[in-house]
Amino acid sequence: DVYLRLCIQLDGDINFAIGFPSPPPGDYVSYHQYIDDVLPPESPYLYGLHPNAEIGFLTTTSETLFRTVLEMQPRGSGSGDGGGMTREEKVKGILDEILEKLPDPFNVTELMARAEDKTPYVVVSFQECERMNSLTNEVRRSLRELDLGLKGELTITADMENLSNSLFLDSVPDSWSNRAYPSMLPLGIWYTDLLQRIKELESWVADFNLPVCVWLSGFFNPQSFLTAIMQSMARKNEWPLDRMCLQCDVTKKSKEDITAAPREGAYLHGLYMEGARWDTQTGLIQEARLKELTPTVPVMFIRAIPVDKLETKNMYPCPMYKTRQRGPTFVWTLNLKTKEKPARWV
């Protein structure tokens, strides 16, 4: 309906797209000929998209192509450099490296006994530890099983074969991703990210003091932490939880600039924008810069307020997702300041 009302207007001097003005009145054949002669080359601008959309699409297509070529290699081939490692040797090297760096699981029972005040934030830390244990235990179990299979002490099963293929192709095995957080990273970067998440969690549960600046994207379930912010404020002020919401203020600071936690709410970092950027000078959403596909968002200050006090004027309800796949990875909706109409950023 919007397209028909705003775009299909043959009266007057308008452009259907950049460099493609509306045709003069004519018949069916003349319109066809006009399109053939005047329509500019296909580009993101023709569809109302930023050039970064094409860059992202071509990058994804290229990665898919190279991964397909890699997967088509003969299973028994070596590295192709003459005298290089065989497939099994490479898998064994990756397996040993992962097991060597994998930390011990969290002792959740001991942590629960040590925590005196079971605040909403502390409960979230317990939940994260339990989920992390489930993942790391599966990583450890499956790799040890595969190691025995490579040594000939166990028969190679279908699950072990799939795990071996994933290690060789630098992809996260299904048995791991089923217990992990949504991620689009290859195995090497994914495991480095996992170790960083464990380190952050260890630092948090050491004394159960909320981190000065919380790495929101490092949670299995970031919704639980955002809910804990509302629960803490609801208990403190005796407000009904169903009449509260989150207010988001984007600061001009980076994680390193934050030296103390706020008195209420939390500072969050680790978020990115796609299709736009946050301008720290104006404090508004702005057009994305060319070749900056996912610019970093400065530290956010999130606190809970009553619903009737939430400011909605000149605000864009920005959805937050765990990955660029969006859809089922939806987390929350936060209001961000904008001078443009909210529909501009949809």
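As the structure is a computational prediction, the values presented were derived from the model and not from experiment.

Student: Provide a residue-level description of the overall build of the protein chain, including the pertinent values.
Tutor: Helix and strand content of the protein chain: 10 helices and 10 strands. Against the globule reference of 20 Å for 346 residues, the protein chain gives a C-alpha radius of gyration of 26 Å, more extended than a compact globule. Expressed along its principal axes, the backbone C-alpha trace of the protein chain runs to roughly 80 × 65 × 35 Å. Residue pairs in contact within the protein chain that sit at least 24 positions apart in sequence constitute 63% of those at least 6 positions apart. Summed over all atoms, the accessible surface of the protein chain reaches about 21,200 Å², with 53% contributed by carbon and sulfur. Averaging the coordinates of the 37 positive side-chain charges in the protein chain and doing the same for the 47 negative ones gives two points 6 Å apart.

Student: Any details on the sheet that holds strand S4 (residues 244-250)? Residues and values, ideally.
Tutor: The sheet built from 4 strands is open, its strands ordered S3-S5-S8-S4 with mixed pairing. A strand with exactly one partner marks an edge of an open sheet, and here the two such strands are strand S3 (214-215) and S4. Note that S3 and strand S5 (residues 266-269) share 2 bridges and pair parallel. Bridge pairing in S5 links Val 214 to Leu 268. The sheet contacts of helix H10 (residues 222-237) involve S3, S4, S5 and strand S8 (300-306), and relative to S4 the element is tilted by about 115 degrees.

Student: Tell me what's going on with the environment of Thr 251, and back it up with residues and numbers.
Tutor: Tracing the backbone through its elements, the reader meets Thr 251 in the loop between S4 and S5. Assessed through its relative accessible area of 18%, Thr 251 is described here as buried. Through-space distance from the C-alpha of Thr 251 to that of Val 299 is 5.6 Å; in sequence the pair is 48 residues apart. With residues up to four places along the chain from it excluded, the contact list for Thr 251 reads Pro 298, Val 299 and Phe 301. At 3.2 Å, the side chain of Thr 251 forms a polar contact with the backbone nitrogen of Lys 253. Within the local environment of Thr 251, its side chain forms a polar contact with the backbone oxygen of Val 299, the two atoms lying 2.7 Å apart.

Student: I'd like a rundown of the environment of Glu 128, residues and numbers included.
Tutor: Structurally, the position occupied by Glu 128 is in helix H6 (residues 120-150). On a C-alpha basis, the gap between Glu 128 and Ile 198 in space is 9.7 Å, while along the polypeptide they are 70 residues apart. Once residues lying within four places of it in the same chain are set aside, the contact partners of Glu 128 are Leu 201, Gly 218, Phe 219, Phe 220, Asn 221 and Ser 224.

Student: An account of unusual backbone geometry is needed here, citing residue identities and associated values.
Tutor: One non-glycine residue, Asn 314, lies in the positive phi region at around 55 degrees. Despite not being glycine, Arg 326 shows a phi value in the positive range, around 55 degrees. For Arg 326, the position within the fold is in the loop between strand S9 (315-321) and strand S10 (330-337).

Student: Any chance you could break down the state of the cysteines for me, citing the residues and the numbers?
Tutor: Put plainly, two cysteines are in a disulfide when a covalent bond ties their sulfur atoms together. One pass over the structure, following the stated rule, counts 0 disulfides. Cys 129 takes part in no disulfide bond, and the closest cysteine sulfur, belonging to Cys 213, lies 20 Å away. Since its relative accessible area comes to 0%, Cys 129 is described here as buried.

Student: Please provide a residue-by-residue account of the packing of H6 against helix H9 (residues 187-207), values included.
Tutor: In the contact formed by H6 and H9, the axes pass within 11 Å of each other and the chain directions differ by 145 degrees. Crossing hand, H6 versus H9: left-handed. Every residue of H9 that contacts H6 at Tyr 121, Val 124, Ser 125, Glu 128, Cys 129, Met 132, Leu 135 and Thr 136 is listed here: Trp 190, Leu 194, Arg 197, Ile 198, Leu 201, Trp 204 and Val 205.

Student: Which residues make up the pairing of S8, and what are the values?
Tutor: Most of S8 is tucked away, with 6 of its 7 residues classed as buried. Sheet topology note: the S4/S8 ladder contains 7 bridges and is antiparallel. What sits directly across from Leu 246, in S8, is Ala 304. Here 3 bridges tie S5 to S8, and the two strands are oriented antiparallel to one another.

Student: Now, about the nonpolar core: what can you tell me, with residues and values included?
Tutor: Soluble globular proteins tend to pack their nonpolar side chains together in the buried interior. Within the largest apolar cluster, 70 residues are counted, with the highest numbers of intra-cluster contacts made by Leu 167, Trp 176, Trp 190 and Phe 225. A per-element tally of this core places H6 first, with 10 residues. If we skip the residues at most four places from it in the chain, Trp 176 touches Ile 98, Leu 135, Glu 138, Val 139, Ser 142, Leu 143, Leu 163, Leu 167, Leu 187 and Trp 190. Listed in part, the 5 residues of the second largest apolar core include Cys 213, Ile 258, Tyr 267 and Val 299.

Student: Hey, could you go over the environment of Pro 342 for me, with residue numbers and the actual values?
Tutor: Inspection of the secondary structure assignment puts Pro 342 in the segment after S10. A residue is classified by how much of its surface remains accessible, and Pro 342, at 36% relative accessible area, is partly exposed. Expressed as a C-alpha distance, the spacing of Pro 342 and Gly 270, which sit 72 residues apart in the sequence, is 24 Å. Dropping the residues within four chain positions of it, Pro 342 is found in contact with Met 315, Tyr 316 and Pro 317.

Rules and cut-offs
- Residues numbered from 1 in each chain as written.
- Predicted model: local features only at pLDDT ≥ 70, side-chain atom pairs only at ≥ 80, totals over all residues.
- Heavy atoms only, no water.
- Helix = DSSP H or I, 4+ residues; strand = E, 2+ residues; numbered from the N terminus.
- Rg over C-alpha atoms; globule rule 2.2 N^0.38 Å.
- Contact = heavy atoms within 4.5 Å.
- Areas by Shrake-Rupley, 256 points an atom, 1.4 Å probe, with all protein chains shown as cover.
- Lys, Arg positive; Asp, Glu negative; His and termini not counted.
- Charge placed at Lys NZ, Arg CZ, Asp CG, Glu CD.
- Pairing = 2+ DSSP bridges.
- Axes fitted to C-alpha atoms, helices over the stretch in contact; angles between N-to-C directions.
- Buried < 20%, exposed > 50% of the residue type's maximum accessible area, 1.4 Å probe, protein only.
- Polar contact = N/O pair within 3.5 Å; in protein donor to acceptor, adjacent residues only side chain to side chain.
- Disulfide = S-S within 2.5 Å.
- Left-handed = near helix turned anticlockwise from the far one by under 90°.
- Core = buried A, V, L, I, M, F, W, Y, C linked by side-chain atoms within 4.5 Å.

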